[in-house]
Amino acid sequence: MQHFGHAVMPQATHDEQAMEDHFIGMRMWAVRNLDPLDKRLLNEVVVPEIEARTGDRPRNSAAVRTPLEAHPFHRFWLSLNFQYQDRIWQSIGGSIDRQYDTLRDVVAAHDVTPSGTLTLDPDLNPPRYIDAFDHHRMPGSYHVETADDDFRAGAMYDRFATTYLRNHNGGWRNDGRGHTIVSHVRDFYPDLAVERILDLGCSVGHSTVAIAAGFAGADVQAIDIGAPMLRYAHARAEAMGETIHFSQQNAEATDFPDASFDLITSSVMLHETSASAMRTIFAECHRLLRPGGVMVHLEVPPRREHLELWEQMRCDFESHYNNEPFMAAISRTDFAEVAVRAGFDPADVRVGYRKGVTEPRVDREDFFTAGDPEGRTMLGSWYICSAIKR
Ligand SMILES: C[S@@+](CC[C@H](N)C(=O)[O-])C[C@H]1O[C@@H](n2cnc3c(N)ncnc32)[C@H](O)[C@@H]1O
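Let me begin by describing the structure that accompanies this report. (Residues numbered from 1 in each chain as written. Predicted model: local features only at pLDDT ≥ 70, side-chain atom pairs only at ≥ 80, totals over all residues.)

**Notes on the overall build of the protein chain**
For step 1, the next point in the chain: Looking only at helices and strands, one finds 13 helices and nine strands in the protein chain.
For step 2, the next point in the chain: Considered along the principal axes of its C-alpha atoms, the protein chain spans approximately 70 × 55 × 40 Å.
For step 3, the next point in the chain: Per-residue burial for the protein chain yields a buried fraction of 42% across its 390 residues. (Helix = DSSP H or I, 4+ residues; strand = E, 2+ residues; numbered from the N terminus. Buried ≥ 20, exposed ≤ 12 C-beta atoms within 10 Å, placed from the backbone.)

**Some thoughts on the nonpolar core**
For step 1, the next point in the chain: Counting residues in each nonpolar core, the largest one holds 77 residues, and the members touching the most others are Tyr 232 and Ile 264.
For step 2, the next point in the chain: Per element, the largest residue contribution to this core is seven residues, and it comes from helix H8 (residues 227-239).
For step 3, the next point in the chain: Contacts of Ile 264, omitting those with residues within four sequence positions, involve Leu 198, Leu 200, Cys 285, Leu 288, Leu 289 and Met 295.
For step 4, the next point in the chain: Core analysis: the next-biggest nonpolar cluster, separate from the first, contains seven residues, Leu 42, Val 64, Leu 68 and Trp 310 among them. (Core = buried A, V, L, I, M, F, W, Y, C linked by C-beta atoms within 7 Å. Contact = placed C-beta atoms within 7 Å.)

**Observations concerning the site of the ligand**
For step 1, the next point in the chain: Surveying the vicinity of the ligand reveals 23 residues, the closest of which are Gly 201, His 206, Ser 207, Ala 251 and Ser 267.
For step 2, the next point in the chain: Where the shell around the ligand is concerned, the elements lending two or more residues are helix H7 (206-214) and strand E3 (219-224).
For step 3, the next point in the chain: Taken together, the residues that form the shell around the ligand break down as eleven nonpolar, eight polar and four charged. (Near = placed C-beta within 6 Å. Nonpolar A, V, L, I, M, F, W, Y, C, P; charged D, E, K, R; others polar.)

**A few points about the pairing of strand E9 (residues 381-388)**
For step 1, the next point in the chain: Along E9, six of the eight residues are buried, which leaves the element largely enclosed by surrounding structure.
For step 2, the next point in the chain: Relative to E9, strand E6 (residues 289-299) runs antiparallel, the two sharing six bridges. Its bridge partner being in E9, Glu 299 is matched across the sheet by Tyr 383.
For step 3, the next point in the chain: Taken together, the seven bridges between strand E7 (residues 349-355) and E9 define a ladder with antiparallel strand orientation. (Pairing = 2+ DSSP bridges.)

**Digging into helix H3 (residues 72-109)**
For step 1, the next point in the chain: With 38 residues, H3 should reach 56 Å at 1.5 Å per residue; the first-to-last C-alpha distance of 53 Å fits that figure.
For step 2, the next point in the chain: Most pronounced at Tyr 100, the bend in H3 amounts to some 65 degrees.
For step 3, the next point in the chain: For H3, every residue scored as buried is listed here: His 74, Asn 81, Ile 88, Trp 89, Ser 91, Ile 92, Ser 95, Leu 103 and Val 107.
For step 4, the next point in the chain: Its buried side turned inward, H3 meets helix H1 (14-54), helix H2 (65-69), helix H5 (152-165), H8 and helix H10 (309-321). (Expected span 1.5 Å × (residues − 1). Bend = angle between axes of the 7 residues up to and from the residue.)

**Quick look at the packing of H3 against H5**
For step 1, the next point in the chain: As a packed pair, H3 and H5 sit with axes 10 Å apart at the nearest point and diverge in direction by 130 degrees. Relative to H5, the element H3 lies oblique. Crossing hand, H3 versus H5: right-handed. Along the contact surface, H3 presents Ile 88, Trp 89, Ile 92, Gly 93, Ile 96, Tyr 100 and Leu 103, while H5 presents Arg 152, Ala 155, Met 156, Arg 159, Phe 160, Thr 163 and Tyr 164.
For step 2, the next point in the chain: Each residue belonging to the contact of H3 with H5 can be placed in one class, and the counts come to ten nonpolar, two polar and two charged. (Axes fitted to C-alpha atoms, helices over the stretch in contact; angles between N-to-C directions. Parallel < 35°, antiparallel > 145°, perpendicular 65-115°, else oblique. Left-handed = near helix turned anticlockwise from the far one by under 90°.)

**Let's talk about the sheet that holds strand E2 (residues 196-200)**
For step 1, the next point in the chain: Taken together, the nine strands give an open sheet; going across it, the order is E1-E4-E3-E2-E5-E6-E9-E7-E8, and neighbouring strands pair in mixed fashion. Bordering the open sheet on either side are strand E1 (117-119) and strand E8 (368-369), each of which pairs with just one other strand.
For step 2, the next point in the chain: Relative to E3, E2 runs parallel, the two sharing five bridges. Residue pairing across strands places Arg 196 opposite Asp 219, the latter belonging to E3.
For step 3, the next point in the chain: Running at roughly 170 degrees to strand E4 (residues 245-248), H8 makes contact with E1, E3 and E4 of the sheet.

**Here we look at the pairing of E4**
Strand residues, when the strand is regular, have side chains that alternate between the two faces of the sheet.
For step 1, the next point in the chain: Residues Phe 246 and Gln 248 of E4 are buried on one face, while the alternating residues His 245 and Ser 247, pointing to the opposite face, are not.
For step 2, the next point in the chain: In the sheet, E1 pairs with E4 via three bridges, with the strands oriented parallel. Across the sheet, the residue bridging to Thr 117 is His 245, located in E4.
For step 3, the next point in the chain: In this structure, E3 lies alongside E4, joined through four bridges in parallel fashion. What sits directly across from Ile 223, in E4, is Ser 247.

What follows is the structure in structure tokens.
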């Protein structure tokens, strides 16, 4: 069998690959063919019905949820979205169980003479927003361990992200977000001397590896709540030849001393934390940055104010049905206000959309925009909040 990706990546048999392809194909078919029909149902049937009944145009997705969900076609759309994702998890879960012992040996082999480190904290209690449910219905979420030295969650996440995003975020490396962060730093903070980096909520290190490569020679620390993610991340980084120091910590209260870092990053972590945790994390970033240091947080794009009604509903779907309870709220959160409350000067905070790239690219004008002047949605971009500490 031809090896796919890096040395630690779970490998699919012919039949497992066919199953993954089937469900991802189903997803892409639905996006292309059913999403436009659901949008027409909303705009051409449901909205006019509401206008006729109330005399008012519905202003946001909350106002259309109940009438839209009363339509059989939309219920079909909802259940289909639910289905294919669960089936991909199931298919990948079975594949990992089949090869778990082999993978365990591969993970262990990468910890024999590592260049990076792994520090776990068995006493760390995951916050409620992590352990109360399975994120995006990933069985066991990021932290559950069912065996000694369990890395299953990391293996699941790596394989799922590769399947789900296919070639949209850098292929099997899934490093587009990391490259986007590196590009952002080069564009807006070209004089920043980067010797110490901290990546928060690193997961399996998809973005961390790209950030480490982008600032070669820097000391890179990466933290996450989930021990299984970190064990896998450590082996994966070693397999990919990057020196990264992973530790199990809560981004709200780390054990690093004040002013430890030149650059602090996070990538699609904040939408999985609560609103109050996000404030605490920004304050922790302020504490951990040295004067002149920079934080960069990259998030999933939808800003409520830039989305049409159907896209707002699509974002709500994540919260209502896909175990992303904070997604809808974060699309309304004023990141700049959170940064200022955490101690950053308003003049030093920058928010906007940045087109995703799969290799670092310095192109500030084309690649960063505060909003969408033409009212189109900014899907295909990431939303970034960055700030420099005085
Ligand atoms: C979607 S994943 C992040 C993916 C990764 N940053 C990337 O770009 O590929 C979110 C991660 O954030 C972690 N996380 C959430 N809240 C955290 C917290 N308070 N402290 C540390 N990690 C956290 C989760 O355990 C999970 O692994």
